[in-house]
Amino acid sequence: MLSIVTHKQIILLDRSAFEKLSYSDIEKFNERFHIVCPDVFLSECFNPSNDARKEAITKKISRFDGLYIFVEENSDELLTHRGILDKISSRHLKFENVNRRCLRFMHPTKVLEALSLKWLRNLMDFYNKDLNQRGYNIYVDGSSEGLSLNEYIDSLAVKDDSIDKKEMKNEFKKIGMLGTSQEPDDIAKTVDYLVFREFFFKDEEELTHEEIKLIIKSGIPYNSYSNSHKYILFHHWMICYLLSGEAVGMKGLDKSYFNDLMYCNYVPFSYRFVTAEKTFPLVLKPISDRFDFFSFVTFEEFKDSFLV
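Cut-offs applied
Residues numbered from 1 in each chain as written. Predicted model: local features only at pLDDT ≥ 70, side-chain atom pairs only at ≥ 80, totals over all residues. Heavy atoms only, no water. Buried < 20%, exposed > 50% of the residue type's maximum accessible area, 1.4 Å probe, protein only. Helix = DSSP H or I, 4+ residues; strand = E, 2+ residues; numbered from the N terminus. Arc of directions from axis to C-beta. Polar contact = N/O pair within 3.5 Å; in protein donor to acceptor, adjacent residues only side chain to side chain. Contact = heavy atoms within 4.5 Å. Core = buried A, V, L, I, M, F, W, Y, C linked by side-chain atoms within 4.5 Å. Axes fitted to C-alpha atoms, helices over the stretch in contact; angles between N-to-C directions. Parallel < 35°, antiparallel > 145°, perpendicular 65-115°, else oblique. Left-handed = near helix turned anticlockwise from the far one by under 90°. Nonpolar A, V, L, I, M, F, W, Y, C, P; charged D, E, K, R; others polar. Salt bridge = Lys/Arg side-chain N within 4 Å of Asp/Glu carboxyl O.

A. Region of interest: helix α4 (residues 51-61). Residues of α4 that are buried: Ile-57, Lys-60 and Ile-61. The arc enclosing the buried residues of α4, seen along the axis, measures out at 95°, which places them on a common side. In α4, the exposed positions that point more than 90 degrees away from the buried face belong to Asp-51, Ala-52 and Glu-55.

B. Structural detail: the side chain of Asn-30. Turning to its location among the elements, Asn-30 is positioned in helix α2 (residues 23-32). Here the side chain of Asn-30 touches Arg-63 through a polar contact of 3.1 Å, landing on its backbone oxygen. Setting aside residues up to four positions removed in sequence, Asn-30 forms contacts with Lys-8, Arg-63, Phe-64 and Asp-65.

C. The nonpolar core, seen in detail. Formed by 83 residues in total, the largest nonpolar core has its most connected members in Trp-237, Tyr-241 and Ile-287. A total of 11 residues in this core trace back to one element, the largest contributor, which is helix α13 (residues 227-248). Apart from residues no more than four positions distant in its own chain, Trp-237 is found in contact with Ala-188, Val-191, Asp-192, Val-195, Tyr-222, Ile-287, Arg-290 and Phe-291.

D. Focus on the packing of helix α5 (residues 81-89) against α13. Running from N to C, α5 and α13 point in directions that differ by 135°, and their axes come no closer than 10 Å. Between α5 and α13, the crossing angle belongs to the class labelled oblique. Handedness of the crossing formed by α5 with α13: left-handed. Across the interface between the two elements, His-81, Arg-82, Ile-84, Leu-85, Ile-88 and Ser-89 of α5 pack against Ser-228, Tyr-231, Ile-232 and His-235 of α13. Partitioning the contact of α5 with α13 into residue classes produces five nonpolar, four polar and one charged.

E. Quick peek at the side chain of Lys-87. Considering the arrangement of structural elements, one finds Lys-87 in helix α5. With a relative accessible area of 13%, Lys-87 lands in the buried category. Side-chain polar atoms of Lys-87 contact the side chain of Glu-72, separated by 3.1 Å. In contact with Lys-87, other than residues within four places in its own chain, are Glu-72, Glu-73, Leu-79, His-92 and Leu-93.

F. Highlighting the pattern of salt bridges. According to the stated counting rule, one finds 11 salt bridges in the structure shown. Between Lys-303 and Asp-25 there is a salt bridge, and its shortest N-O distance comes to 3.5 Å. With Lys-303 in helix α16 (residues 299-306) and Asp-25 in helix α2, this pair connects stretches of sequence that are 278 residues apart. Judged by relative accessible area, Lys-303 falls into the partly exposed class, the value being 28%. Here Asp-289 makes a salt bridge to Lys-285, at a shortest N to O gap of 3.0 Å. Taken together, the residues span about one helical turn, with Asp-289 and Lys-285 both in helix α15 (residues 280-290) at a distance of four residues. By relative accessible area, which is 44% here, Lys-285 ends up partly exposed. Salt bridges sharing partners connect three or more residues here, namely Glu-72, Glu-73, Lys-87 and Arg-101.

G. Structural context of the packing of α13 against helix α14 (residues 257-264). Two elements in contact, α13 and α14, have axes whose closest approach is 11 Å; the angle formed by their N-to-C orientations is 165°. Overall, the two elements α13 and α14 adopt an arrangement that is roughly antiparallel. Judged by the twist between their axes, the crossing of α13 over α14 is right-handed. When α13 is examined against α14, the residues Phe-234, Met-238, Leu-242 and Glu-246 are found in contact with a partner set consisting of Tyr-257, Phe-258, Leu-261 and Cys-264. Residue composition of the contact of α13 with α14, by class: seven nonpolar, no polar and one charged.

Laid out in structure tokens, this is it:
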């Protein structure tokens, strides 16, 4: 994990975990940890629609010794995860140096006075939506109207009455076609395939589809790459994971899925990610199974281990 010049570990909390902290919890937290506050956390916490809630959150955040925020080098401008990726991709900044050069420790009142994040809250509200709707992830014949997997198979069967729909669905499941499962583990395997095709297939053009499946089944060696290259792979993996999960209504996601998954981009720069969301750990586990710089715990696990 990354560290900066401090004897305390840097912890990333999502809003759900932060709001479960009591004042006595914060006192214990301050003894061992610093809290890192990326743009998504600041937006969710400092721009609530309810004034009473905003006042309560502001009062609680002021109990921290200070806040670490990501800023542009030699500037007060907030640095987003996209900005971090651009710097690493351009070799302007190595992954190992992000915390040292882009994390700034500020008193909570200074953060509250300096930042205006309504634009970001509006952006996240725009992306969040009801995931209980049917997935429309298959497009045919240039149509902008998506079909569910079953609808797609039905349309093929209409054109060819020799098609066994059950057998075809099973074949689609074998190759991990998007829409065959809502389980995070299954969707993550599909994402592995997409990432492999995008980043590695050029060097493996002679491989058959069956050989590619075997490679993915044994696990793509993400952790064999340098941290900077691994973070670039991780970022693209996360984009595929978000879009694929959204398309099929992945288990563990809710209306705030966009906010929730934005936090993941900052987990590699913290000691640990703490969430109090009940089902979100289902979504996080396939990520931690693949990337060794991604670590998370539930709020209850964190409290029992460190805040007793």
